[in-house]
Amino acid sequence: MPVLSHVPNARRWVPVTVVVAALLAGCEMPLALAPRGPAAAEIASIWWILFWIAVPVSVIVFSLLGIAIVRARAIAREQDEHDEHDVRVAERLRETGADVGLPEASRPARVSWLEGRTTGFVIIGGGVIPTLILIFTTVMTLQGLAVFDTAPEDVAYSVTARGHMFWWQFEYPDHGVVTANEMHVPVGRSVRVELESADVIHSFWVPQLHGKIEMIPGKTNVIHIQADEAGTYFGKCAEFCGQQHANMEFLVIAQEEAEFESWLEAQAADAPEPTDELAQRGRDVFVDSQCALCHTIRGVNQAAPGVAPDLTHLATRRTLAARTLPNVRGNLGGWILDPQGIKPGSRMPAVNLSSDEFLALLEYLDGLR
Amino acid sequence: MSVHTEPPATPLLPLYVLGSRSPTWWGMIGLIAIEIVVFGGLIAMYFWLKLANPSWPPEGIAVKPLLLPTINTVILIASGVAMIVAKRAIVRGNQLVLKLGQVVALILGLVFFTLKIVEYSGYDYDWSTHAYGSITWTMTGFHAAHVISVVFKGIIVLLMSLRGMFRPDRHLAFEVSTLYWVFVVVIWLPLYFTMYISPRL
Amino acid sequence: MAESRYDGYGPQFSPPPEDYRPDPDLLTRTWGPLPGIRGFFAVVNYQVVGMRFIVTGFIFLLLGGIQALVMRTQLAQPNLDLVSSELYQQLFTMHGVTMMFFFAVPIFEGLAMYLLPLMIGSRDMAMPRLGAFGYWIYLIAGITLYTGFFLGLGPDAGWFAHAPLSSDRNFTPAMGMDLWVSAIGMLEISALVAAIEIVVTIFKLKAPGMSMARIPIFVWAMLVMAMMIIFAMPAVLLVTVAVGLDRMAGTHFFNAAMGGDPTLYQHVFWFFGHPEVYIIFTPALGVVSAVLVTFARRPMVAYSIVALSFIAMGILSFGVWVHHFFAVGIPPIGLSFFAVASMMVSIPSGIQMFAFIGTVWTGRPIVNTPFLFLIGFVVIFVLGGVTGVMLAAVPFNWQVHDSYFVVAHLHYVLIGGALFPLFAGLYYWFPKWTGKLLDETLGKWQFAIMFVGFNVTFFIQHILGFQGMARRVYTYDADLGWGTFNMVSTVGSFVLAAGILVFVFNVFWSLWRGRDAGQDPWLAPTLEWSVPSPPPQYTFLEPPVVRSLYPLWDPGAPDPEFDTAADRGERMRPQIRQDVRETFGTSIMDGEPESRVNLRDNSLWPFFAALAVGFAFVGSMFSLWFFPIGALLFYGTMIGWHWPFSKEIAT
Ligand code: HEA
Ligand code: HEA
Ligand code: CUA
Ligand SMILES: [Cu+2]
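> Whenever I open this one, the domain arrangement of chain A confuses me. Can you help?
Interface size, as often reported, equals the accessible area lost upon joining of the parts. All names here are of chain A. Each assigned domain of chain A is listed here: domain 1 (38-148), domain 2 (155-267) and domain 3 (277-365). Taking both sides of the interface into account, the surface hidden between domain 1 and domain 2 amounts to around 380 Å²; carbon and sulfur atoms contribute 66%. Of all residues in domain 1, the largest losses of buried area upon contact with domain 2 belong to Pro-38, Ala-39 and Ala-40, amounting jointly to 78% of the total for that side. Between domain 1 and domain 2 we count zero salt bridges in total.

In structure tokens form, the structure reads like this:
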């Protein structure tokens, strides 16, 4: 990873980071600050620098304000003790309920002499010093941008991620794989992700791997992600896209490369033939019902592309309906019977099935490994 | 000799003032500023959409013809000139030219509007054909609405001048309405450039 | 005194009456309202219109706050089912729209309307009927919006309604978004006319002697706010119209399939949207300055630098709009430019903060309720400001954009930068408006409750953002581990709301039982404290003249050597007639008296004109034909508005 060579920056901060974060959060690191890939690590390192600028800036400003109040009130008290007029004014003000201490003259006769006395303080403290700090943060931002602007040299795989109203389609064009709501990547390899949208704007966000980039109709955005550790990462649609924006989530599953390759191979295959009779009937139910209008099961039917998730290897997926439900048989059945109850506003209608048909269909779908 | 100096005689304050001394005039400047942003936004949207599309106007839509719109632009400019002439006239106290200028300007404004309709009814695409149609119809329509509204307003101001209400030192209503008229004329020029000239460059 | 109206040509120059003396009775008759119900709709007086803006704006704060509380309750625990997803999306849209458009902007416009004439020494705003018109449209827009909401047809695409979700009926079939188009359209008109009125008033109606270097900082802030409205709001008018056309007329501005471009929407909207947040923040700074000077009991330090920093902020804020959508895939050169600009826009704020601290430093501060709110303002706003700077660092922005980190930022700057200053201002001017002081003890409690509640609610949301909680989600799963922090945030929001309830109680209690304020309870420096509380309808018995920046602290010496504008104004005073609505018209820069300005009096036409506009906009939700009809009606009302077309209008 030559382009991201200064990522170890992040590690330098780790000790302090841990302490502060423990204080801040009182528990483990939130996802965005527990990066598992170079892009997210770069961002986290930027954050920690920003954070360590923000803390002293705020503390200094608050202290100045505090000192100003305490000091000026002390002066006021001291001066005012001798001045009868001021005591009268103080009484007058106290009538309003104000805690005035003992103010000195409240209506200074000629006040213009004060104008400009503290101009230097304002210009240097409020203008010059912040400008210097901001120049620093700007340079850091531009450096960070440069990092993201350079595409890694050894892109291993390419994925097209397509946002749909409330689910995700992932396509591996070089391998003939289409799947939904679950993106597999090889550990330690850079993957090129092309982001597209089928309807409205969505936003692709995997906090531990990369910042978010939007999926915009009529436009293709490209990012490179890489997971440094095997694992399952939480992904989320971040741009409001309609009623089920909340349940438009997905998983990124990082596997060792060999494992990943065999996953690709399995996914590229057509759907397995149903073995028992019930499942065979289930397949017929699927083909004859409305399901087949929207959903494709490769080797069985070909629905209009991009309307609904490809179900060819449905049973291999961990979740249903964009991470709304864990993929177990009971949930699958519940989803087919009442998608609108589970995910109101999703684009799948409830389909009328007799209980026989339903059981057969369930048996079939559950076997789509 | 007295040590006191008499304060200088206090001048009398006028009630009727023109131009930047009058709040109403500033109100009109404010309105014009707002409109400039709106028209500027439309033009920016036009060029943005142009950049976002591979061909502009899109395949199947011809570049707008130049002749009629150009004549029409000249007509609109002439109406603005007529208003300015009328404005100059009232400052000199010439009531006749004041009225004549306005009548000419109104007629030219209506001619402009009519030719606009003629031009647009000749196009075989509308706002729902393509984003190109959306933006050009909106730009024209919005401007045409302005022409119509200044004509309406102009009629009232003309009635006022027919009743002899304007004087060399008192014609704020007329001044302000001329200002707006001239704005509607001038703002047409960038629109004209955008829609008719820029696709040919 | 007989005539109360101009009879056509008034005399261009009228010599002062021989027996000039200020006549409160006559002035009251001249400036007073019409009787009865008609008077209610016809009144144009700035105090009435300004107070209507303030009260209505505050009601919208409560409504928006209640929506926020419902949202927070829904989010308190994972998978709660208090509101449906459908209602939730309407709730956050209504909350955002209410707070940004119907609370924050109008309430500060109201403050401006009520206070500008008092502060600059005029008897009314420059275009009283326009002000009344602006209020009526605002009210109609609000009623329209809320009627739709209560019918279950609230807008549901977020306050900034990104296309194509908002602009395509396939994605938002309900009428909510049409409602958004209409309501926002009307609101923009209201804000624009108010802005024009504010600018013209500040330009032309300053008291003799009040040069641009002598206007209170508050007036500078309002001037900058109004200018920003004039240059920013037309963009949102344009974009709402484009959305309306896409939905109603079948145009394709934002439809990528037909040559449109969804990102175009974001550019035009945020060209307005970023200045919008400063449109809210700048007047709040004006309030802060006014309150601060009084309670620090010393002049603002670096007056001219602060005024310049407002102007700089106003101008710079037009160059940073892209930072609201860094994530749409902008070329790096564009990202760099807008990142740099967004960082730069912080510098004026730094100057303002240090000027406030400097003023306290050189002052003799009195720490009472308004001052406490100022402290709260500095603390909260600075925290929000530094998270703003973080958000401007693009790669970091990609991580937290559209997450609760942004929700936290925006509430820190909006509540810290606008709501706290607003409360400071309300405590400060309430005695002027009502003649009663608000209760101090309650005020201090309110501050403490709000300060704690606020930070509990929103600080923790920064971390939620890091945890991956995107904004605008109606619920979340338990396994994400967001439950505890959300619960804390919810509890905090109820504490915050309790603070606001204390204020509501305080207002009613003080109106009933409050201490009398007298003319000038704070011994403040600006002109509004030189008249009784509440101010008479004619405002000033005699038009004031001004010789210094702080006229009540430092009256400034009349200088016979020089014929200053103030001296001349003093001598010309008797020329301002008392039997018609007249006030001084002065030059912009120097406050030289130039003319007598005749202000329009009470009239029902502004109300009718607003009805016509409402007819056009509300009707256009159903058919676009309502628009031309409404325009014609409006045209008719304009004739009535300017009637009589006597010689008077020909001026
Ligand atoms: C009152 C309103 C207000 C104010 C004043 C600000 C002020 C600032 N805002 Fe904020 N902002 C909003 C209201 C406001 N904002 C809202 C409502 C949104 C969200 C809209 C939505 O999506 O719904 C938003 C969103 C927003 C974003 C987009 C986030 C996203 O969606 O991804 C960004 C990004 O750059 C940003 C930046 C800034 C910056 C740099 C400032 C600066 O002006 C801040 C400057 C102030 C300071 C820095 C503090 C004082 C200075 C000092 C004490 C000097 C020393 C300081 C330093 C050296 C750092 N804001
Ligand atoms: C000035 C602006 C402003 C203000 C003051 C507030 C105030 C509050 N806001 Fe809001 N907020 C926004 C502007 C503002 N907000 C914007 C622009 C958005 C983005 C919207 C979008 O995404 O489109 C947003 C979004 C937003 C969200 C994110 C929603 C989401 O993304 O899903 C949340 C969630 O916690 C929230 C909470 C709150 C809370 C708890 C308050 C509290 O301060 C509220 C305090 C409580 C009250 C004011 C009520 C007090 C009254 C009573 C208790 C009743 C009394 C009744 C009578 C007397 C009759 N706001
Ligand atoms: Cu897709 Cu939010
Ligand atoms: Cu912004």
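Having seen the structure, we can now continue with the description.
> Mind showing me how you'd approach the coordination of the copper ion (ligand 4) here?
Six octahedrally arranged donors around a metal ideally form angles of 90 or 180 degrees; four tetrahedrally arranged donors ideally form angles of 109.5 degrees. All names here are of chain C. Those donors, His-274 (ND1), His-323 (NE2) and His-324 (NE2), are the protein atoms that reach the copper ion (ligand 4), and they lie 1.8 to 2.1 Å from it. Ordering the donors of the copper ion (ligand 4) by residue number gives the pattern H-x48-H-H. Between the two metal centres, the copper ion (ligand 4) and the iron atom of ligand 1, the spacing is 4.4 Å. With His-274 in helix α8 (residues 262-296) and His-323 in the loop between α9 (303-316) and α10 (332-344), the pair connects residues that are 49 residues apart, well separated along the chain.

> So what exactly am I meant to see when it comes to the interface of chain C and chain B here?
At the junction of the two partners, chain C supplies 59 residues and chain B supplies 53 residues. Interface of chain C and chain B: buried area, both sides summed, is about 4,800 Å²; carbon and sulfur atoms make up 71% of it. Summed over the shared surface of chain C and chain B, the result is zero salt bridges. Contributing elements (two or more residues each) for the side of chain C that touches chain B: α6 (176-204), α7 (217-248), α8, α17 (565-572), β1 (582-586), β2 (593-598) and α19 (626-642) of chain C. For the side of chain C that touches chain B, a count of residues per class yields 35 nonpolar, 16 polar and eight charged.

> Explain unusual backbone geometry here, please?
Of all residues except glycine, most have a negative phi; of all peptide bonds, most are trans. Residue B:Pro57 follows B:Trp56 across a cis peptide bond; omega there is -5°. Locating B:Pro57 in the fold gives a position in the loop between α1 (23-52) and α2 (67-92). Between C:Ala163 and C:Pro164 the backbone carries a cis peptide bond, its omega angle lying at 0°. By the secondary structure assignment, C:Pro164 is in the loop between α5 (128-150) and α6. Of note in the backbone geometry, C:Arg472 takes a positive phi value of approximately 65° without being a glycine. Here C:Arg472 is to be found in the loop between α15 (440-466) and α16 (483-513).

> Would you mind showing me how to read the packing of α5(C) against helix α18 (residues 605-619) of chain C here?
Any two packed helices are characterised by how steeply their axes cross, that is the angle between the axes, and by the distance between the axes. All names here are of chain C. Put simply, α5 and α18 touch, their axes get as near as 8 Å, and they point 35° apart. For the pair α5 and α18, the crossing hand works out as right-handed. The segment α5 lies against α18, with Arg-129, Ala-132, Phe-133, Trp-136, Ile-137, Ile-140 and Thr-144 engaging Pro-606, Phe-607, Ala-609, Ala-610, Leu-611, Val-613, Gly-614 and Val-618. A breakdown of the residues in the contact of α5 with α18 according to their chemical character gives 12 nonpolar, two polar and one charged.

> Sorry if this is basic, but what is going on with the nonpolar core here?
Generally speaking, soluble globular proteins have nonpolar side chains that are buried together. Membership of the largest hydrophobic core comes to 340 residues, with the highest contact counts inside it found for A:Phe204 and C:Trp429. If you look at the next biggest cluster of nonpolar residues, it comprises 27 residues, including C:Leu391, C:Ala393, C:Val400 and C:Val406.

> Just to check I follow, could you spell out the site of ligand 1 for this structure?
Around ligand 1 there are 32 residues in total, and C:Trp159, C:Tyr278, C:His401, C:His409 and C:Arg471 lie nearest to it. At the site occupied by ligand 1, the surrounding residues belong to chains A and C. Contact distances for ligand 1 include 2.8 Å between an oxygen atom and a side-chain N or O atom of C:Trp159. Take C:His323: an N or O atom from its side chain is 3.2 Å from an oxygen atom of ligand 1. For the shell around ligand 1, the secondary structure elements donating two or more residues are α3 (38-80) and α5 (119-149) of chain A together with α8, α11 (346-362), α12 (369-392) and α14 (404-434) of chain C. A per-element tally of the shell around ligand 1 places α12(C) first, with six residues.

> Would you explain the site of ligand 2 in this entry?
All names here are of chain C. Close contacts around ligand 2 come from 33 residues, with Arg-72, Tyr-88, His-95, His-411 and Arg-472 the closest. Here Trp-159 contributes a backbone N or O atom positioned 2.9 Å from an oxygen atom of ligand 2. For ligand 2, an oxygen atom lies 3.1 Å from a polar atom in the side chain of Arg-471. Of all elements in the fold, only α3 (46-75), α4 (85-120), α14, α15 and α16 reach the threshold of two or more residues within the shell around ligand 2. Looking at side-chain class alone, the shell around ligand 2 contains 23 nonpolar, seven polar and three charged residues.

> Please explain the packing of aromatic side chains as it appears in this structure.
Here a ring pair, both rings aromatic, is described through the centre-centre distance and the interplanar angle of the planes. Residues and elements named next belong to chain C. Under the definition given, this model contains 105 aromatic pairs over all chains. Aromatic side chains Phe-40 and Phe-41 sit 5.1 Å apart centroid to centroid with 85° between the ring planes, which places their arrangement in the edge-to-face category. Ring plane angle 50° and centroid distance 5.6 Å describe the contact between Tyr-114 and Trp-433, whose orientation is recorded as tilted. With a gap of 319 residues between them, Tyr-114 in helix α4 and Trp-433 in helix α14 connect regions that are remote in the sequence. Across the pair, exposure class does not vary: Tyr-114 and Trp-433 are buried alike. Sitting over the face of the ring of Phe-40, Arg-52 holds its NZ or CZ atom 4.4 Å from the ring centroid.

> Would you take a moment to explain the interface of chain C and chain A for this structure?
Between chain C and chain A, the residue contacts involve 103 residues of the former and 100 residues of the latter. For the pair chain C and chain A, the summed buried area comes to about 8,700 Å², and 69% of that belongs to carbon and sulfur atoms. Counting the surface chain C buries against chain A, the share from its top three residues, C:Phe354, C:Trp361 and C:Gln399, is 9%. Between chain C and chain A we count two salt bridges in total. A salt bridge links A:Arg323 to C:Asp479, with the shortest nitrogen-to-oxygen separation between them at 3.4 Å. Counting every contact that joins chain C to chain A gives 21 residue pairs in polar contact (both at pLDDT 80 or more). Here the residues of the side of chain C that touches chain A sort into 66 nonpolar, 22 polar and 15 charged.

> I'm lost on the coordination of the iron atom of ligand 2 in this one. Help?
All names here are of chain C. Protein coordination of the iron atom of ligand 2 is provided by His-95 (NE2) and His-411 (NE2), with donor distances spanning 1.9 to 2.0 Å. For the iron atom of ligand 2, the six donor atoms are set out with angles of 86 to 179° between them, so the coordination reads as octahedral. Of this pair, His-95 sits in helix α4 while His-411 is found in helix α14, placing the two residues 316 residues apart along the sequence. Among the residues examined, His-95 registers a relative accessible area of 13% and is labelled buried. Using a relative accessible area of 14% as the deciding quantity, one classes His-411 as buried.

> Hey, could you run me through the sheet that holds strand β4 (residues 182-186) of chain A in this one?
Working definition: the strands of a sheet are paired by backbone hydrogen bonds and lie parallel or antiparallel to each other. Residues and elements named next belong to chain A. What the five strands build is an open sheet, ordered β4-β10-β9-β6-β7; its pairing is mixed. Two strands bound the open sheet, and with one partner strand each, they are β4 and β7 (210-215). Taken pair by pair, the neighbouring strands of this sheet meet at an average axis angle of 25°, ignoring direction. With two bridges joining them, strand β6 (residues 202-206) and strand β9 (residues 231-237) adopt antiparallel strand pairing. Across the sheet, the residue bridging to Phe-204 is Cys-237, located in β9.

> Please clarify how the pattern of salt bridges should be interpreted in this entry.
Between side chains of opposite charge, a pair can form when the charged atoms approach closely. Within this structure, the stated rule accounts for 28 salt bridges over all chains. Where A:Arg329 meets A:Asp366, a salt bridge forms, and the shortest distance between an N and an O atom there is 3.0 Å. Of this pair, A:Arg329 sits in helix α9 (residues 329-337) while A:Asp366 is found in helix α11 (residues 355-366), placing the two residues 37 residues apart along the sequence. Exposure remark for A:Arg329: the relative accessible area of 36% places this residue in the partly exposed category. With its nearest N and O atoms 3.4 Å apart, the salt bridge here joins C:Asp516 to C:Lys436.

Thresholds, definitions, all that
Residues numbered from 1 in each chain as written. Chains lettered and ligands numbered in written order. Predicted model: local features only at pLDDT ≥ 70, side-chain atom pairs only at ≥ 80, totals over all residues. Heavy atoms only, no water. Domains from an automatic or database assignment. Buried area = accessible area lost by both parts, 1.4 Å probe. Salt bridge = Lys/Arg side-chain N within 4 Å of Asp/Glu carboxyl O. Donors = N, O, S within 2.8 Å, 3.2 Å for Na, K, Ca; no water. Helix = DSSP H or I, 4+ residues; strand = E, 2+ residues; numbered from the N terminus. Contact = heavy atoms within 4.5 Å. Nonpolar A, V, L, I, M, F, W, Y, C, P; charged D, E, K, R; others polar. Axes fitted to C-alpha atoms, helices over the stretch in contact; angles between N-to-C directions. Left-handed = near helix turned anticlockwise from the far one by under 90°. Core = buried A, V, L, I, M, F, W, Y, C linked by side-chain atoms within 4.5 Å. Buried < 20%, exposed > 50% of the residue type's maximum accessible area, 1.4 Å probe, protein only. Near = heavy atom within 4 Å. Polar contact = N/O pair within 3.5 Å; in protein donor to acceptor, adjacent residues only side chain to side chain. Phe/Tyr/Trp six-rings, centres within 6.5 Å; stacked < 30°, edge-to-face > 60°. Lys NZ or Arg CZ within 6 Å of the ring centre and 35° of its normal. Tetrahedral: all angles 85-135°; square planar, octahedral: opposite > 155°, others 65-115°. Pairing = 2+ DSSP bridges.

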